[in-house]
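Spelled out from the first residue to the last, the chains are:
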Amino acid sequence: MLDKLKSVQPFIGNTPLRKLSVEGLHVDLYAKLEFGNFAGSIKSRPAFHILYKAIENGIIDQNSTIVESSSGNFAIALAMFSKLLGIDFIPVIDPNINPGYEQLLRYLCRKVIKVTRQDETGGYLLTRLAVVHDLCETQQNVFWPNQYENKHNAQAYYQFMGKEIADSFEQLDYAFIGVSSCGTIAGLSKRLKEEFPGIRIIAIDVEGSVIFMQKPQKRFISGIGSSIVPPLVNHAEIDEVIHLPQTDIIEGCHELVDEHMLFAGASSGASYGAVKKYFKEHPPTGNMPKVVFICPDRGDAYLDTIYNQEWIKVVADAQSLQYSL
């Protein structure tokens, strides 16, 4: 099984850094373009590493079934790797999933479970996790990658992506990192703090996410934020947290296209918007700081949402209503 998995390893990682020039922003800015990975997103890294370690340690065999709660990139990556390995993967998804992602998962997977009951936060994550727990208890030879707690999630970023970024800079002053399962920020922050002791790690979250103990609110945007506090966040070394309104995230995505022809997903737009907001409010003095932010995926999965004017109006109206309450 490891040989099959290793066959795609050369297509994971070593993604490009693109330098961006932003008018009026006196920073040396770089975008780490993770949509060049196998399976099309940053989640290829932890999905590969988690499965590799599970096979290596005898936790997964040819008769195993993988189950995971995900309506996004992690599910796509697991589905592709599982198909490659010839084992079953059951993704537990919800109505917020991008239609194209759902179609791809139903093509790749023998079984897909779609929950429809909202949890007490107004989302579906807790419902999805309850289904995963039930599958683990009632089926045999089930492996749950558990991206919110698995140490190999963070290790994939520490060991590989963190090294890639560190090797690309002699000095790095800021890293802006979107949060969800928190594996990325846990691994990257630790490695970058070791390599660049003076670096500031800025976590980017969406309003309504509870990761940093905010009050839960209805969230329309996938790919950033969470309805639970992921245990991996406790391993992250974070200097500041920026919470962005959903409309600001949408605007950041459109600005990436308009200003740099970077067609990217929600977390990318959130980080780009946060960079601009941060340095307009904190203009650098002296030398231009070197800044990196992460672009986890392309915008294709968001054509029905972030790049759809009708959907944008729904989000803007809902956000205005929340602010008026």
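About the cut-offs
Counting starts from 1 at the beginning of each chain's written sequence and moves along it residue by residue. In keeping with the model being predicted, local features are shown solely for residues with a pLDDT of at least 70 and side-chain atom pairs are shown and tallied solely at 80 or more, while totals for entire chains, interfaces and linings include all residues. Each side-chain value is worked out from all heavy atoms of the structure, with water and hydrogens disregarded. UniProt positions are given in the numbering used here, feature names are shortened, and annotations may be inferred rather than shown by experiment. Numbering of helices and strands runs from the N terminus; a helix is a DSSP stretch of H or I covering at least four residues, while a strand is a stretch of E covering at least two. Partly exposed residues are those whose accessible area sits between 20% and 50% of the maximum for their type, while under 20% is buried and over 50% is exposed, using a 1.4 Å probe and protein chains only. Contacts between residues were defined by any pair of non-hydrogen atoms, one from each residue, lying within 4.5 Å. The arc under discussion is defined with respect to the helix axis, by the directions toward the C-beta atoms. Whenever two N or O atoms come within 3.5 Å, that pair is a polar contact, provided that in protein one can donate a hydrogen and the other can accept it, and provided that, for residues adjacent in sequence, both atoms are side-chain atoms. What makes two strands pair is DSSP finding at least two bridges between them. Lines fitted to C-alpha atoms define the axes here, with helix axes fitted over just the stretch in contact, and angles between the N-to-C directions of these axes take values from 0 to 180 degrees. Each angle receives one of four descriptions, namely roughly parallel if under 35 degrees, roughly antiparallel if over 145, roughly perpendicular if within 65 to 115, and oblique otherwise. What makes a crossing left-handed is the near helix being turned counterclockwise from the far one by less than a right angle; a clockwise turn instead makes it right-handed. Each residue is assigned to one of three groups, with Ala, Val, Leu, Ile, Met, Phe, Trp, Tyr, Cys and Pro labelled nonpolar, Asp, Glu, Lys and Arg labelled charged, and all others, Gly among them, labelled polar. A pairing counts as a salt bridge when a side-chain nitrogen of Lys or Arg comes within 4 Å of a carboxyl oxygen of Asp or Glu. Using protein atoms alone on a 1 Å grid, points that fit a 1.4 Å probe yet trap it form a cavity, whereas open point sets bounded by protein on both sides within 12 Å along at least five of seven lines form a pocket; residues with an atom within 4 Å of a point count as lining. Grid points are joined across faces, edges and corners, and a volume is the space filled by probe spheres set on the points.

An unreviewed UniProt entry lists the chain under the name N-(2-amino-2-carboxyethyl)-L-glutamate synthase, with Chitinophaga filiformis as the source organism. Quoted verbatim from the Subunit (unreviewed entry) field of UniProt, the annotation for the chain is "Homodimer." The UniProt entry for the chain carries the following text under Pathway (unreviewed entry): "Siderophore biosynthesis."

Student: Please clarify how the environment of Ile199 should be interpreted in this entry.
Tutor: Residue placement: Ile199 occurs in the loop between helix 7 (183–195) and strand 8 (200–206). Among the residues examined, Ile199 registers a relative accessible area of 1% and is labelled buried. Put simply, Ile199 and Asp173 are 26 residues apart on the chain and 4.4 Å apart in space, counted from C-alpha to C-alpha. Setting aside residues no more than four positions away along its own chain, Ile199 makes contact with Leu172, Asp173, Tyr174, Ala175, Leu192, Lys193 and Asp239.

Student: Looking at this structure, I do not really get helix 4 (residues 99–108). What am I missing?
Tutor: It helps to recall that an α-helix has 3.6 residues per turn; residues three or four apart then point in one direction. The set of residues buried in helix 4 consists of Tyr101, Glu102, Leu105 and Leu108. The buried residues of helix 4 occupy an angular sector of 135 degrees when the element is viewed end-on, so they sit on one face. Every exposed residue of helix 4 that faces more than 90 degrees away from the buried side is listed here: Gln103 and Tyr107. Each element contacted by the buried residues of helix 4 is listed here: helix 3 (73–85), strand 4 (88–93) and strand 5 (113–114). For helix 4, the capping residue at the N-terminal end is Asn98, with a side-chain oxygen 2.8 Å from the backbone nitrogen of Gly100.

Student: Explanation requested: the pairing of strand 10 (residues 290–295) in the structure shown.
Tutor: The buried count for strand 10 comes to five of six residues, which makes it a mostly enclosed element. The pairing of strand 2 (residues 28–33) with strand 10 spans six bridges and is parallel. Its bridge partner being in strand 10, Leu33 is matched across the sheet by Cys295. With three bridges connecting them, strand 7 (residues 174–178) and strand 10 associate as parallel partners. Across the sheet, the residue bridging to Tyr174 is Val291, located in strand 10.

Student: I would appreciate a short explanation of the packing of helix 2 (residues 44–56) against helix 6 (residues 151–168) in the present structure.
Tutor: Pairs of packed helices are described in terms of their axes, by the angle between the two and the distance that separates them. With their axes 8 Å apart at the nearest point, helix 2 and helix 6 run at an angle of 120 degrees to one another. Considering the angle they form, helix 2 stands oblique to helix 6. For the pair helix 2 and helix 6, the sense of crossing is right-handed. Contacts between helix 2 and helix 6 involve Arg45, Pro46, His49, Ile50 and Lys53 from the first element and His152, Asn153, Gln155, Ala156, Tyr157, Gln159, Phe160, Met161 and Glu164 from the second. Grouping the constituent residues of the contact of helix 2 with helix 6 by class yields six nonpolar, five polar and three charged.

Student: Looking at this model, I keep getting lost on the packing of helix 3 against helix 4. Mind explaining?
Tutor: One can describe the packing of helix 3 onto helix 4 by two numbers: an axis separation of 10 Å at closest approach and a directional angle of 20 degrees. Compared by their axis directions, helix 3 and helix 4 come out roughly parallel. The handedness of the crossing between helix 3 and helix 4 comes out as left-handed. Counting all contacts with helix 3, which are made through Asn73, Ala75, Ile76, Ala79, Met80 and Lys83, the residues of helix 4 involved are Tyr101, Leu104, Leu105 and Leu108. Of the residues in the contact of helix 3 with helix 4, the class split is eight nonpolar, one polar and one charged.

Student: Help me out: how do you make sense of the sheet that holds strand 10 in this one?
Tutor: Reading across from one edge, 1-2-10-7-8-9 is the order of the six strands in this open sheet, with mixed pairing throughout. Here the strands that pair on one side only, and so sit at the sheet edges, are strand 1 (17–20) and strand 9 (240–244). Averaged over neighbouring strand pairs, the angle between their axes works out to 25 degrees when direction is ignored. When strand 1 meets strand 2, the two strands line up antiparallel, connected through four bridges.

Student: How should the pattern of salt bridges be read in this particular structure?
Tutor: Side chains that differ in sign of charge can pair as their charged atoms come close. The final tally for this structure, using the stated rule, is 20 salt bridges. In this structure, Lys32 and Glu164 form a salt bridge, with 2.9 Å as the shortest nitrogen-oxygen distance. Placement of Lys32 in strand 2 and of Glu164 in helix 6 is noted, with a sequence separation of 132 residues between them. Judged by its relative accessible area of 2%, Lys32 is buried. Between Arg128 and Asp94 there is a salt bridge, with the nearest N and O atoms lying 2.9 Å from each other. Within this pair, whereas Arg128 is found in helix 5 (residues 125–138), its partner Asp94 is found in the loop between strand 4 and helix 4, the two being separated by 34 residues in sequence. Overall, the relative accessible area of 4% leaves Asp94 in the buried class. Connected through salt bridges with shared partners, the residues Lys32, Glu34, Arg45 and Glu164 form a single ionic network.

Student: Before we go on, may I ask you to explain the layout of surface pockets in this structure?
Tutor: Regions of empty space are outlined by a rolling probe, equal in size to a water molecule, passed over the atoms. Quantified by volume, the second largest pocket comes out at close to 200 Å³. Among the elements of the structure, helix 2 and helix 6 are those that each provide at least two residues to the lining of the second largest pocket. Examining the composition of the lining of the second largest pocket, we find that four residues originate from one element, helix 2, more than from any other. Counted by class, the lining of the second largest pocket contains four nonpolar, five polar and two charged residues.

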